[in-house]
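Inside the fold
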Amino acid sequence: MPTPPKPNDEPTPKKDVQQLHRDPWFIWLLPIVFLFYYSLSHLDRSEVKVIPYSEFIQALGQDQIKSVDIRGLTLKGSYQGGGQSSRFSTQLPDFIGDDFLKHLEKRAVEIRVQPNQNPVWVQLLAGFIPWLIIIALFVLFSRSLQSRMGGGVLNFSKSKARRFEKTEGGPTYDDVAGLEGAKRDLSDIIDYMKDPQRFQALGAQIPKGVLMMGAPGTGKTLLAKATAAEAGVPFFSITGSEFIELYVGVGASRVRDMFQTARKDAPALIFIDEIDSVGRARGTGLGGGNDEREQTLNQILAEMDGFEPEDVVVVLAATNRPDVLDPALLRPGRFDRKVVLDLPDKAARVSIFKVHTRKTPLAEEVDLQELAAMSVGFSGADIHNLVNEASLRAARDRRAEVTREDFQIARDKVLMGEERPNLLNPNERSRIACHEAGHGLVTYYSEYTDPLQKISIVPRGRALGVTEQRPSEDRHNLDESYLRDRLRIFMGGRCAEKLLYNTASSGAADDLKQATKLARQMVVNWGMSSAIGPLGFSEGENHPFLGRELTEPKPYSEALAEKVDAEVQRLLIKAEQEASSLLQQHRSQLDTLIAALLEHESLEKDAIEHCLKSNR
Ligand code: ADP
Ligand code: ZN
């Protein structure tokens, strides 16, 4: 039974413990068992009494000795009479000579003389076998370690940075769409790496480190590779989490090693992905295991501080959590230049589609503008994925071209996961249709919201149904009336269920959660409640060091807290009432929409409008 940890145990570096447990630790037991067995087998198993030489001579004189067995100066023998305790052994003095043997002969003792020692090779073998086994096991063990760590056991501190030679023809700036600002920011770094002397002659300070900030999939890695390719320098890349490995101290020595290699190959570009995993503000974070991280971070800082002017090495680091970074990383001479990679806007999405459909045969009706319009909020990686899914679909159907429909279906898949058509029983299906029709109808009658795009009751991913709106453009700033409409739309599904079935269902749980969160933000962060007034707190924002919300003491008084709760509740109840009365008012349209959904399962914008207009 595992012993529960003592409460005041040192916090263990969790990762290390887990990894060690995965090792076949028991192989260390094998040599021990072997040695144990080995030494046992060299003991005479029957009981042997060790006696002094004098006692032996005395026994010999009394004719008590039956036989002797002489090996070098060790004499083993047995007394007359046999039995368990009849065996003895003694050590002969080293001046014993032929007389001794004659003496034994006279007494009619059975004499066996063995060669002084085993032949040399037997001795050597016997001495070496346990070592051989230990060495073999060690090699085996280190192999398994090696395969996990991608290096030999003796050089596991070597950096894992992969080297991409300039000749490897990786992506160039032509393959990076949009991101014009970021490219511009990096252009003088490219110039510098191409011709460092020009800059050095003028004493120009070139940033040693550039921090690329952007959501996952916005092209940070791509841009780093392309920058190296544009400058024609070798590219070394490593992921922050790779620094931290099985053994303490490995991270720091990996850093040292990587910088050394890059310096040797200068001009060179080092790319550190996910720098936040080592670069979190020091002294923060929960639990143990931080020493290793801090050591690694310190080593990175030390290396960057130690750049000589002739070391033409630029470090690009990527993160999607710039808020958690240790301020020391951002100090002058380190990552003092920042490049922001935004999610692509519509124009950028068009050009990303262009890049990724360069080699895709597109059907004539495919319009990249339209594709961009229907992929609001997609990252470059999402678009890449979408194009790939669409091509896969066309290939499966053995078509030569990728059609508009392929893209539409691929988009839903990328956005919401694979369809799961047979998930629902008929009762559930009608209930979902009612719920989605409720969202849909409230959306239809909401003035300030994005237009309806699609309603579907085909379950996919985790959602049982969806009502989808298409923002006419990307929104960066949210208007109060827009938000109130949103609250109402969240309530629409639940209200429709209550209207038709008289009860709510658990299907609206997520709607309620989102609505509550939004209402709270409106009250607490954005000053959108007249009862509270123009106060803004940072409540509800992510905790900077953990990437998630923590239950912190509220930054306002209990009295205000009560008011806030009441305001949030008031907003939500009002939204529910509005949604409910809208649905009652347009009850027959709700019924038509439900029927249409049950029949067609999924309705696009035009079909929805047709259906609603035919029944006013
Ligand atoms: P990040 O490192 O920011 O998570 P990546 O650079 O790994 O994102 O992007 C993943 C993939 O997404 C790229 O290989 C590329 O195919 C595609 N991609 C992302 N951004 C762009 C872009 N701006 N232009 C073209 N392709 C992009
Ligand atoms: Zn819903």
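Residues numbered from 1 in each chain as written. Chains lettered and ligands numbered in written order. Predicted model: local features only at pLDDT ≥ 70, side-chain atom pairs only at ≥ 80, totals over all residues. Heavy atoms only, no water.

Only H435 (NE2), H439 (NE2) and D511 (OD) from the protein reach the zinc ion (ligand 2) as donors, at distances of 2.0 to 2.1 Å. Counting gaps between the donor residues of the zinc ion (ligand 2) yields the pattern H-x3-H-x71-D. Linking H435 in helix α17 (residues 426-444) with D511 in helix α19 (residues 509-524), this pair joins segments that are 76 residues apart in sequence. A residue is classified by how much of its surface remains accessible, and H435, at 7% relative accessible area, is buried. (Donors = N, O, S within 2.8 Å, 3.2 Å for Na, K, Ca; no water. Helix = DSSP H or I, 4+ residues; strand = E, 2+ residues; numbered from the N terminus. Buried < 20%, exposed > 50% of the residue type's maximum accessible area, 1.4 Å probe, protein only.)

Strand β12 (residues 452-456) sits mainly inside the fold: 5 of its 5 residues count as buried. Here 4 bridges tie β12 to strand β13 (residues 466-469), and the two strands are oriented antiparallel to one another. Across the sheet, I455 pairs through a bridge with T467, a residue of β13. (Pairing = 2+ DSSP bridges.)

Taking a probe equal in size to a water molecule and rolling it over the atoms shows the remaining empty space. What the rule picks out here adds up to 1 cavity of 30 Å³ or more. Approximately 50 Å³ is the volume found for the largest cavity. Along its surface, the largest cavity is lined by R484, L487, L571, K574, A575 and E578. Breaking the lining of the largest cavity down by element, the ones donating at least two residues are α18 (480-501) and α20 (558-585). Its residues assigned to classes, the lining of the largest cavity shows 3 nonpolar, no polar and 3 charged. (1 Å grid on protein atoms, 1.4 Å probe; cavity = no way out; pocket = protein on both sides within 12 Å on 5 of 7 lines; lining within 4 Å. Points joined across faces, edges and corners; volume = space filled by probe spheres on them. Nonpolar A, V, L, I, M, F, W, Y, C, P; charged D, E, K, R; others polar.)

Within helix α22 (residues 605-613) the residues assigned to the buried category are I608, C611 and L612. The buried residues of α22 occupy an angular sector of 95° when the element is viewed end-on, so they sit on one face. Exposed residues pointing more than 90 degrees away from the buried face of α22 are listed as D606 and H610. Buried positions along α22 lie against α17, β12, α21 (587-600) and β14 (602-604). (Arc of directions from axis to C-beta. Contact = heavy atoms within 4.5 Å.)

Applying the stated criterion to the full structure yields 30 salt bridges. Here R112 and D69 are joined by a salt bridge, their closest N and O atoms 3.9 Å apart. One end of the pair, R112, is in strand β5 (residues 110-114); the other, D69, is in strand β2 (residues 65-71), with 43 residues separating them in the sequence. On the accessibility criterion, R112 (39% relative accessible area) is partly exposed. The class for D69 is partly exposed, based on a relative accessible area of 21%. (Salt bridge = Lys/Arg side-chain N within 4 Å of Asp/Glu carboxyl O.)

As judged from the 2 bridges shared by strand β1 (residues 49-50) and strand β4 (residues 87-91), these two strands associate in the parallel manner. The residue of β4 that forms the bridge with K49 is F88. Where strand β3 (residues 74-79) and β4 come together, 5 bridges link them in antiparallel fashion. Looking across to β4, one finds that L75 is bridged to T90.

Of note, the phi angle at D63 is positive, near 55°, even though the residue is not glycine. Relative accessible area serves as the criterion here: at 43%, D63 is assigned to the partly exposed category.

The next subject is the sheet that holds β2. The strand order across the open sheet formed by 5 strands is β1-β4-β3-β2-β5, and the pairing between neighbours is mixed. The open sheet has two free edges, formed respectively by β1 and β5, since each of these has just one partner strand. Where helix α4 (residues 98-106) meets the sheet, it contacts β2, β3 and β5, and its direction lies at approximately 155° from that of β2. (Axes fitted to C-alpha atoms, helices over the stretch in contact; angles between N-to-C directions.)

Across the protein chain, the average pLDDT comes to 79, with 80% of residues at or above 70. The least confident element of the protein chain, judged by mean pLDDT, is helix α1 (residues 14-22) at 36; the most confident is α18 at 94. Scored below 50 in pLDDT, residues 1-23 shows 14 contacts in the model against residues more than four places distant or in partner chains. In this model residues 150-154 is a low-confidence stretch, pLDDT under 50, and it forms 5 contacts with partners more than four residues away in sequence or in other chains. (pLDDT = per-residue confidence, 0-100.)

Angle between the axes and distance between the axes: these two values describe a pair of packed helices. Two elements in contact, α17 and α20, have axes whose closest approach is 10 Å; the angle formed by their N-to-C orientations is 95°. Between α17 and α20, the crossing angle belongs to the class labelled roughly perpendicular. Note on element contacts: α20 touches α17 through A579, L582 and L583, opposite G438, L441 and V442. Here the residues of the contact of α17 with α20 are counted per class, giving 5 nonpolar, 1 polar and no charged. (Parallel < 35°, antiparallel > 145°, perpendicular 65-115°, else oblique.)

Attention shifts here to the sheet that holds β12. The strands making up a sheet are joined through hydrogen bonds of the backbone, oriented either antiparallel or parallel. One open sheet holds the 3 strands; their spatial order is β13-β12-β14, and the pairing between them is antiparallel. Since the sheet does not close on itself, it has two edges, and those belong to β13 and β14, each with one partner. Going from strand to strand, the sheet's axes swing by 10° on average, the running direction of each strand aside.

Now for the side chain of T443. Inspection of the secondary structure assignment puts T443 in helix α17. In this structure T443 comes out as buried when scored by relative accessible area, which is 4%. The contacts of T443, once residues within four sequence positions are left out, are T449, D450, L452, T467, Q469 and I489.

Our next topic: the packing of helix α15 (residues 380-396) against helix α16 (residues 404-416). Where α15 meets α16, the axes come as close as 8 Å, and the angle between the chain directions of the two elements is 125°. When the interaxial angle is binned, α15 and α16 end up oblique. When the axes of α15 and α16 are compared, the crossing they make is right-handed. On α16, the residues that touch D382, N385, L386, V387, E389, A390, R393 and A394 of α15 are E405, D406, F407, I409, A410, R411, K413 and V414. (Left-handed = near helix turned anticlockwise from the far one by under 90°.)

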